[in-house]
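Secondary and tertiary structure notes
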Amino acid sequence: MSEVKISAESRTEFGKGAARRIRRANKVPGVLYGHGAEPLHLTLPGHDLLLALRTPNVLIALDVDGKTNELAIPKAVQRDPLKGFLEHVDLLLVKRGEKVTVEIPVHAEGELAAGGNLLEHVLNALPVEAEATHIPESVTVSVEGLEAGASILAKDIELPKGTTLAVEGDAVVLQVLAAQAEEAAEGEEAEAEEVAEA
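Remember, predicted model here, so these are calculated numbers, not experimental data.

Calculation criteria
- Residues numbered from 1 in each chain as written.
- Predicted model: local features only at pLDDT ≥ 70, side-chain atom pairs only at ≥ 80, totals over all residues.
- Heavy atoms only, no water.
- Pairing = 2+ DSSP bridges.
- Helix = DSSP H or I, 4+ residues; strand = E, 2+ residues; numbered from the N terminus.
- Axes fitted to C-alpha atoms, helices over the stretch in contact; angles between N-to-C directions.
- Buried < 20%, exposed > 50% of the residue type's maximum accessible area, 1.4 Å probe, protein only.
- Contact = heavy atoms within 4.5 Å.
- Salt bridge = Lys/Arg side-chain N within 4 Å of Asp/Glu carboxyl O.

Now for the sheet that holds strand 8 (residues 118–121). Strand pairing within a sheet occurs via backbone hydrogen bonds; the two strands may be parallel or antiparallel. Spatial strand order, 8-13-11: three strands in an open sheet with antiparallel pairing. Each edge of the open sheet is held by one strand with a lone partner, namely strand 8 and strand 11 (151–153). For this sheet, the mean inter-axis angle between neighbouring strands, taken without regard to orientation, is 15 degrees. In this structure, strand 11 lies alongside strand 13 (residues 172–177), joined through three bridges in antiparallel fashion.

Right under this line is the structure:
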């Protein structure tokens, strides 16, 4: 996993007014916390942060005020619900070699068995424990030929070396459903039409 370098400034102004001023300057207010240290309030460059956050669980090398270099991962990101711009970010301080618990996206590949079956993502992201500098970006699971009623459990997913599950092994991640709801709805519509015609 690559590191993204971002220059940040510590901030001493708080509250809505200060946050609005920061956002108007195309920057994002944030907080860096962890390892029992006092939370550090930061101002981060909006565009650089937005690009970095395109990678899930990105490792950010923070240059704070040109003095301290810290490693962090995003823990909580707040976006404007309508426009989607970044409003605030919480960053978790990490050290090289340290294990962290994160959620990684689950991608399904392959075709389900014929018959109009549907794939349900019970867990969109899989909780795992990995070294902070080696967090996998995602896991891919084959659903080739799975029939209705089949499910893939967390313990069935092959994880990269050094990564372990942070959820019960019996937790359902993906399951295949028979497409009955649509057929039933179509049947009800046909009955309703017949009644209307009579």
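Once that is clear, we can look at the sheet that holds strand 9 (residues 125–131). Here four strands make up an open sheet; going across it, the order is 10-7-9-12 and the pairing mixed. Each edge of the sheet is formed by a strand with only one pairing partner; in this case those strands are strand 10 (139–142) and strand 12 (164–165). Relative to strand 10, strand 7 (residues 99–109) runs parallel, the two sharing four bridges. Looking at strand 10, one finds that glutamate 109 is bridged to serine 142.

In this section: the pairing of strand 6 (residues 86–94). Most of strand 6 is tucked away: seven of the nine residues are buried. The pairing of strand 2 (residues 27–34) with strand 6 spans four bridges and is parallel. For glycine 30, the partnering residue across the bridge sits in strand 6 and is valine 89. Across eight bridges, the pairing between strand 5 (residues 68–79) and strand 6 is antiparallel. What sits directly across from isoleucine 73, in strand 6, is leucine 92. The hairpin turn running from strand 5 into strand 6, its antiparallel successor, is six residues long, and glycine 84 in that turn takes a positive phi close to 80 degrees.

A word on the environment of glutamate 131. Relative to the assigned elements, glutamate 131 resides in strand 9. Note on glutamate 131: relative accessible area 28%, which makes it partly exposed. With 33 residues separating them in the primary sequence, glutamate 131 and glutamate 98 have C-alpha atoms 5.5 Å apart. Look past the residues within four positions of glutamate 131 in its chain and what remains in contact with it is Gly97, Glu98, Lys99 and Gly162.

By the element assignment, histidine 88 lies in strand 6. Discounting chain neighbours no more than four positions away, the residues touching histidine 88 are Arg11, Val28, Pro29, Gly30, Val31, Ala76, Val77 and Gln78.

All right, on to the environment of leucine 71 then. Considering the arrangement of structural elements, one finds leucine 71 in strand 5. Distance in space between the C-alpha atoms of leucine 71 and threonine 133 is 9.0 Å, their sequence separation being 62 residues. Among all residues touching leucine 71, those that are not within four sequence positions of it are Glu3, Leu59, Ile60, Ala61, Leu92, Leu93, Val94, Arg96 and Thr133.

Another point: the pattern of salt bridges. For the structure on display, the rule yields two salt bridges. Salt-bridge contacts for lysine 27 lead to glutamate 9; the nearest nitrogen and oxygen are separated by 3.1 Å. Of this pair, lysine 27 sits in strand 2 while glutamate 9 sits in strand 1 (residues 3–10), placing them 18 residues apart in sequence. Residues aspartate 170 and lysine 155 are paired through a salt bridge, measuring 3.0 Å at the closest nitrogen-oxygen approach. Here the residue aspartate 170 occupies a position in the loop between strand 12 and strand 13, and lysine 155 occupies one in the loop between strand 11 and strand 12, the gap between them amounting to 15 residues. Take aspartate 170 and lysine 155: they sit in the same class, and that class is exposed.

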